[in-house]
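Descriptive structure summary
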Amino acid sequence: MRFVIENFGCQMNDHDMEKMGSVLIDQGHLPGSMDDADIVIVNTCCIREKAEQKFYSLMGRLQHLRRKKGTILGVTGCIAQQEKESIFERLPFIDFSLGPSNIHRIAEAVENATGQVRTSAFGDDGCSPSLLIRPHNTRRGVKGYVTIMKGCNNFCSYCVVPYVRGREESRKSGDVLAEVREMAERGIVDVTLLGQNVNSYNNGNKDLSFPELLSGIDAIPGISRLRFVTSHPKDISPELIACFGTLRTLCESIHLPFQSGSDRILALMNRGYTSSEYLGKVEALKDRCPGIALTADCIVGFPGEEDGDFEATMRLMETVRFDGVFSFIYSARKSTAAAALTGRVPPAVAHERLSRFQKRQRAITLDSNRAMEGTRVEVLVEGQSKNSPDELSGRTRTGKIVNFRGDPGLVYKLVEVDIIKGYANSLRGELPDTPGR
Ligand code: SAH
Ligand code: SF4
Ligand code: F3S
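Residues numbered from 1 in each chain as written. Chains lettered and ligands numbered in written order. Predicted model: local features only at pLDDT ≥ 70, side-chain atom pairs only at ≥ 80, totals over all residues. Heavy atoms only, no water.

So, on to the domain arrangement of the protein. By the assigned domains, the protein splits into domain 1 (2-127), domain 2 (141-251), domain 3 (254-371) and domain 4 (376-430). The distance between the C-alpha centroids of domain 1 and domain 2 comes to 27 Å. Between domain 1 and domain 2, the contact holds 18 residues from the first and 19 residues from the second. The junction of domain 1 with domain 2 conceals about 1400 Å² of combined surface from both sides, 61% of it contributed by carbon and sulfur atoms. Taken together, the connections running from domain 1 to domain 2 amount to 1 salt bridge. (Domains from an automatic or database assignment. Contact = heavy atoms within 4.5 Å. Buried area = accessible area lost by both parts, 1.4 Å probe. Salt bridge = Lys/Arg side-chain N within 4 Å of Asp/Glu carboxyl O.)

Next up, the structure:
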């Protein structure tokens, strides 16, 4: 049968989608399109209300597909976990629902659906077996993702993740290293380690620490680039900072969400650090690794956020000069502590703050891209441009997109590129030996 997976949410979900695809292909199913699919799986996210709304409106459309063609419909991921059995009341036409820890049962769920048997599983099966699936047949190319831990223990007061992804659990370092070795053998050169809070990997376990795991991966032949998402500022240790500039493969970039620049709001968010502690870690990273690209997440309009708190967020952003920030308006989530807080910020005020923040950050991102003009950087070529075949697109070690003219034979190769122009979201480059220069 042909299947389609509609995916929402974070990189963890992207990777879960790959894993499910891989299991289904192993069972003899084939990837298809919405037009020819016999099975549609929706892998869901509930981090903000908008994500949930998108899901329910998609399900409305899929219900028609089911009526017309009898398509098998399944829901997986964080909304499945949040709603558990009650999802079948709201969406009585679906065939199965699996939480993020239960996606290894996807083939069984599809099989049951062909016999009109409904499958549901929302247990916390821990690190095995959902984390152990190795998506070996779904992705072409030279970039790969490895889950190193699941769940989150931080309980930031606004966040639903600890409720839907359960408690932190780290995979054994031996399994992670074996998976990366296998990826390297398949030609993968760029590896991203995934987890909600990767830098608390193996906290309290008798196994490799996170910096030791990074060193272990660094030593694997064939791997050229290593990254990890997401880090929590409170768990950035001196040992981790020392890895930058030391480990050959570790890319000069880090995603380090700050969420707010106001200490009062950070405390209400239960983030476990102050703005000056955050800035201290950023200084240490920049000292150790000059030119490191810093990206972050930030929330505006948290309950009780006053003008002065927002100004502190603006100041923090100005001080760090991030290469990019994903910024969001606070969205109240059920079960979370912040949902009970008073002092809701009026939506118009929150929108105004968000647009001020984004406007300023866009200007800073443009400045940092322009500052790269005239430099020569290593680019991993990811593919050809959709619009013109002799246009290639790749990424720097700092994660910036570079577009340049070049031979399609360079796809998946590491090349040196001269940056000639910095734009808001990308860089324009030129191969050093371009004729006519
Ligand atoms: N584990 C990661 C990612 C969490 S989700 C981390 O700790 O950073 C990604 C981002 O979504 C968060 O960093 C936060 O900025 C945002 N986010 C989470 N819950 C939110 C909510 N209730 N409203 C608005 N943004 C939220
Ligand atoms: Fe959510 Fe905080 Fe955990 Fe990130 S660290 S997943 S924001 S609870
Ligand atoms: Fe969304 Fe779940 Fe990721 S809520 S952000 S898909 S962990």
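Back to the text.
With parallel pairing, the 3 strands of this open sheet are ordered in space as β12-β13-β14. Both edges of this open sheet fall to β12 (253-255) and β14 (324-329), since each of them pairs with a single strand only. Each neighbouring strand pair of the sheet contributes to a mean axis angle of 10°, computed without reference to strand direction. Bridge analysis of strand β13 (residues 293-300) against β14 gives 6 bridges, and the strand direction is parallel. Looking at the pairing, Val300 lines up with Ile329 of β14. (Pairing = 2+ DSSP bridges. Helix = DSSP H or I, 4+ residues; strand = E, 2+ residues; numbered from the N terminus. Axes fitted to C-alpha atoms, helices over the stretch in contact; angles between N-to-C directions.)

Contacts to ligand 1 come from 15 residues, most closely from Tyr158, Gln196, Gln259, Asp297 and Ser331. Side-chain polar atom of Gln196 to a nitrogen atom of ligand 1: 2.7 Å apart, as the coordinates give it. In this structure, Ser331 approaches ligand 1 through a main-chain N or O atom, which is 2.8 Å from a nitrogen atom. Contact with the protein chains removes 90% of the 530 Å² of surface that ligand 1 exposes when unbound. Among the elements of the structure, β13 and β14 are those that each provide at least two residues to the shell around ligand 1. Of the residues in the shell around ligand 1, the class split is 7 nonpolar, 4 polar and 4 charged. Each of domain 2 (141-251) and domain 3 (254-371) accounts for three or more of the residues forming the shell around ligand 1. (Near = heavy atom within 4 Å. Polar contact = N/O pair within 3.5 Å; in protein donor to acceptor, adjacent residues only side chain to side chain. Areas by Shrake-Rupley, 256 points an atom, 1.4 Å probe, with all protein chains shown as cover. Nonpolar A, V, L, I, M, F, W, Y, C, P; charged D, E, K, R; others polar.)

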